[in-house]
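For reference, the chains in residue letters:
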Amino acid sequence: MDFKKNQFPNSTHAVMNDWIILLFILLFSLSLRFLTMMADPPAGDLSRSAAFLADEGTWAINAMEWALTGDWYIPNAYNPGAIVPIFMLFEYFIFKLGGVNLAALRLGFIFISLCSQILLYIILKNNSKKNSSYCAHLTVLFSAIAFPLVIFNRLAFLENVQIFFMLLTVYSLLKYLKFSKFLWLAATYLSFFLGFLTKPSMIFFLGLIIIMAIVLKPHKLKVFILYSLSFLMPFSIFLWFWYNTYIGDWTFFTQSIVGPRLSTVPTIMSSFFKTIAHLKFFEFMPIMYGLALIKLFQNLNAFMRDRQSVSHVQSLLSLWFILGILYVGFSSYSPPRYSLVLLPAICGLAASFFSGTIQKISLFQFIILIGIISFQCVFGLYRLIVLDNLFPSVFLPWLALFAVLFIYSANRGPIRYHWLKSALFLSIAIVSSLQIIHYYSTATFSMLSAMKTVKQQVAKDGYENPVIAGDSGPIMALYAGVRTVDIMFRQENLETLVQERKPQYLFLEDPRELKRLKLQVPGYWDKIELLSSQPLLNNYIHGQNSVFYKITQ
């Protein structure tokens, strides 16, 4: 009796300590993302698309229109809200709280990233077999210092909200696997549906749900199928009605954006290896990624021997990683931000490497790992020599190669090498710290400078209901809190859209677009006044300064 009385306060005290540690990690994570929130991202090194120049504004168009006018749909325009309504709702909610401005939007995305880290902690804490608090805290810490997340979590990209719903799906799925309750499977599919309506690429997570249920709950397979059909059928019916309501937007999205980016059968393998080569994990989190791969192989080996020896959460993280790689790889267009959905699994696997015994790496595993990392090292040299990518990150894959060699040579059996763990953790901390410190110490604000110029000009002119057009017009309008016209999509309707909305300003990240505009909408752009011209993100895409025009009719 006395023993039980003493245990409760001790247990409560331990739980409080765990949450206090988590709170400090979250505050640390918040500070890394909030500091210089409006600074330019390291665009030339971290991305090979124009996402940093345009996507925050492009995907916010319908939420902006909704907050400013009360009607989200824009006839004759590209309406991403018709494709990703949950994402639009999230941004609209932020705008209603903080007004239509980029700072409020980015704060909202930092907040959702912190919510994702809390979910990640709960998942690891409640489903690990041993050292659960240690592994959960370390996972969140790794997600806090992973350089791609430090950069992307502060930006209004779909993947940040998608990751939250992925983790919510994982949490509910693990509850279902543990308790076999109908409501937990319902929560799993609801989270999956919300994630799909945030970004349709969530579809690969359906494979995770099905495989986990088949492999880990084979005796409940008939019930699982019945329940799954009862959820998938109404969702499919909803999608059919929703997308048929906005059939023009959905057709454009699938034919013009998704279709051309899918690998065809003749090129599927070359596309896969090309995409995997461009993954930034070895370049920005080399040791963490290398440890995640080791843990993945160890989980697969253990699962083959005795599936009961691998916890549900480790099986899930491993499958998440595998399916995610396949999703990212088999596409002819996969910019690094697409691979952000792999990071929770990578952070969880890497942290699991540190909990408990460091298992011996087999010679077969070692050869595979060396092959994968050597491929990335050679690609880094190719970027440096042939592509003239003079970035320090091209050398970082060699750290992963050294780490794997170090682990293989130092750990010849299942022995608790605390010094080995300490050395690896210190290496991860040093690499991440140097990346973050270098970013902050060399921060530039070319995007902010351009947005301030635009906002000041709009305020000075005082037009009623001003509209900014352009390839980066949406993000400029987002900062200024005004309406916009995106000239990059639905170009067959561009003349009608321009005549309807009559933009007073034109902002082009690529000045060559003006020639096309004059051909597509003749006469409208004849009387324009150049207000400013300046570089954006070191002109890493177009090699020319952006231009900002005032249109005088």
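Up top you'll find the structure we're talking about.
In what follows, the accompanying structure is described. Computed from a predicted model, the values in this text were never measured in an experiment. (Residues numbered from 1 in each chain as written. Predicted model: local features only at pLDDT ≥ 70, side-chain atom pairs only at ≥ 80, totals over all residues. Heavy atoms only, no water.)

Okay, the overall build of the protein chain next. Counting its secondary structure elements, the protein chain contains 25 helices and 5 strands. Against the compact-globule benchmark of 24 Å for 553 residues, the protein chain has a radius of gyration of 25 Å, which places it among compact chains. Its C-alpha atoms put the protein chain at 80 × 55 × 55 Å along the principal axes. Sequence separation of 24 or more characterises 77% of the internal contacts of the protein chain that already satisfy a separation of 6 or more. Of the roughly 23,600 Å² that the protein chain leaves accessible, carbon and sulfur atoms contribute 67%. Side-chain charges of the protein chain comprise 42 positive and 26 negative groups, with the mean position of each set lying 16 Å from the other. (Helix = DSSP H or I, 4+ residues; strand = E, 2+ residues; numbered from the N terminus. Rg over C-alpha atoms; globule rule 2.2 N^0.38 Å. Contact = heavy atoms within 4.5 Å. Areas by Shrake-Rupley, 256 points an atom, 1.4 Å probe, with all protein chains shown as cover. Lys, Arg positive; Asp, Glu negative; His and termini not counted. Charge placed at Lys NZ, Arg CZ, Asp CG, Glu CD.)

Turning to a nonpolar patch on the surface, a few remarks are in order. On the surface, a nonpolar cluster with roughly 760 Å² of combined accessible area is contributed by M16, I20, L23, F24, L27, L30, F34 and L107. Among the elements that make up the nonpolar patch, the one with the highest residue count is helix α1 (residues 2-34) (7 residues). Position of F34 relative to the elements: it lies in helix α1. You can call F34 partly exposed: its relative accessible area is 44%. (Patch = residues over 30% accessible without salt bridge, like charges linked within 9 Å, V, L, I, M, F, W, Y side chains within 5 Å. Salt bridge = Lys/Arg side-chain N within 4 Å of Asp/Glu carboxyl O. Buried < 20%, exposed > 50% of the residue type's maximum accessible area, 1.4 Å probe, protein only.)

Within the secondary structure, Q376 is located in helix α19 (residues 363-385). For Q376, a relative accessible area of 3% corresponds to the buried category.

The buried count for strand β5 (residues 546-551) comes to 6 of 6 residues, which makes it a mostly enclosed element. Burial along β5 is two-sided: S546, F548 and K550 and V547, Y549 and I551, pointing in opposite directions, are all buried. Summarising the sheet, strand β4 (residues 528-534) and β5 pair through 6 bridges and their orientation is antiparallel. Paired with L530 across the strands is Y549, a residue of β5. (Pairing = 2+ DSSP bridges.)

Take the packing of aromatic side chains next. Considering all chains together, one arrives at 48 aromatic pairs under this definition. Arranged with centres 6.2 Å apart and planes meeting at 85°, the rings of F252 and F489 form a pair that is edge-to-face. Here the residue F252 occupies a position in helix α13 (residues 247-258), and F489 occupies one in the loop between β2 (483-486) and α24 (494-501), the gap between them amounting to 237 residues. On the basis of relative accessible area, F252 is assigned to the buried category, the value being 14%. Connected via pairs of aromatic rings, a cluster forms that spans F182, Y189, F192, F193, F196, Y227, F231 and F235. One cation-aromatic arrangement involves K199 over Y338; the distance from NZ or CZ to the ring centre is 4.1 Å. Sitting over the ring of Y479, K455 keeps its end group 5.3 Å from the ring centre. (Phe/Tyr/Trp six-rings, centres within 6.5 Å; stacked < 30°, edge-to-face > 60°. Lys NZ or Arg CZ within 6 Å of the ring centre and 35° of its normal.)

Formed by 173 residues in total, the largest nonpolar core has its most connected members in F142, L291 and W320. Beyond its immediate sequence surroundings of up to four residues, F142 is in contact with M288, C347, A350, A351, F354, F425 and I428. If you look at the next biggest cluster of nonpolar residues, it comprises 20 residues, including A77, V485, L497 and L508. (Core = buried A, V, L, I, M, F, W, Y, C linked by side-chain atoms within 4.5 Å.)

With their axes 8 Å apart at the nearest point, helix α16 (residues 286-305) and helix α21 (residues 418-441) run at an angle of 140° to one another. Between α16 and α21, the angle falls in the class oblique. The residues of α21 that touch α16, namely those facing P286, I287, M288 and L291, are L424, S427, I428 and V431. For the contact of α16 with α21, a count of residues per class yields 7 nonpolar, 1 polar and no charged. (Axes fitted to C-alpha atoms, helices over the stretch in contact; angles between N-to-C directions. Parallel < 35°, antiparallel > 145°, perpendicular 65-115°, else oblique. Nonpolar A, V, L, I, M, F, W, Y, C, P; charged D, E, K, R; others polar.)

Any two side chains of opposite charge can pair if their charged atoms end up close together. Counted by the stated rule, this structure contains 14 salt bridges. R383 is the partner of E283 in a salt bridge, and the nearest nitrogen-oxygen pair spans 2.4 Å. Of this pair, E283 sits in helix α15 (residues 281-284) while R383 sits in helix α19, and the two are 100 residues apart along the sequence. Here E283 matches R383 in class, with each residue buried. Put simply, K550 and D461 hold a salt bridge, and the shortest N to O gap is 3.4 Å. With K550 in strand β5 and D461 in helix α22 (residues 446-461), this pair connects stretches of sequence that are 89 residues apart. Classification of K550 by relative accessible area gives buried; the value is 15%. The network of salt bridges with common partners includes D45, K280, E283 and R383.

Of the pockets and cavities examined, the largest pocket occupies roughly 1,100 Å³. Its residues placed into classes, the lining of the largest pocket shows 24 nonpolar, 7 polar and 10 charged. Counted as a void, the second largest pocket has a volume near 630 Å³. Taken together, 24 residues make up the lining of the second largest pocket; nearest its centre are P42, D45, F391, H438 and T442. Where the lining of the second largest pocket is concerned, the elements lending two or more residues are α2 (43-46), α15 and α21. If one sorts the elements of the lining of the second largest pocket by residue count, α21 sits on top with 5 residues. Class assignment of the residues belonging to the lining of the second largest pocket gives a composition of 14 nonpolar, 7 polar and 3 charged. (1 Å grid on protein atoms, 1.4 Å probe; cavity = no way out; pocket = protein on both sides within 12 Å on 5 of 7 lines; lining within 4 Å. Points joined across faces, edges and corners; volume = space filled by probe spheres on them.)

Here N76, not a glycine, exhibits a phi torsion of approximately 70°, which is positive. Turning to its location among the elements, N76 is positioned in the loop between α4 (61-69) and α5 (85-98). Taking the relative accessible area as the measure of exposure, N76 reaches 27% and is therefore partly exposed. Even without being glycine, N538 reaches a positive phi, approximately 55°. Following the sequence through the fold, N538 ends up in the loop between β4 and β5. Residue N538 is classed as exposed on the basis of its relative accessible area, which comes to 69%.

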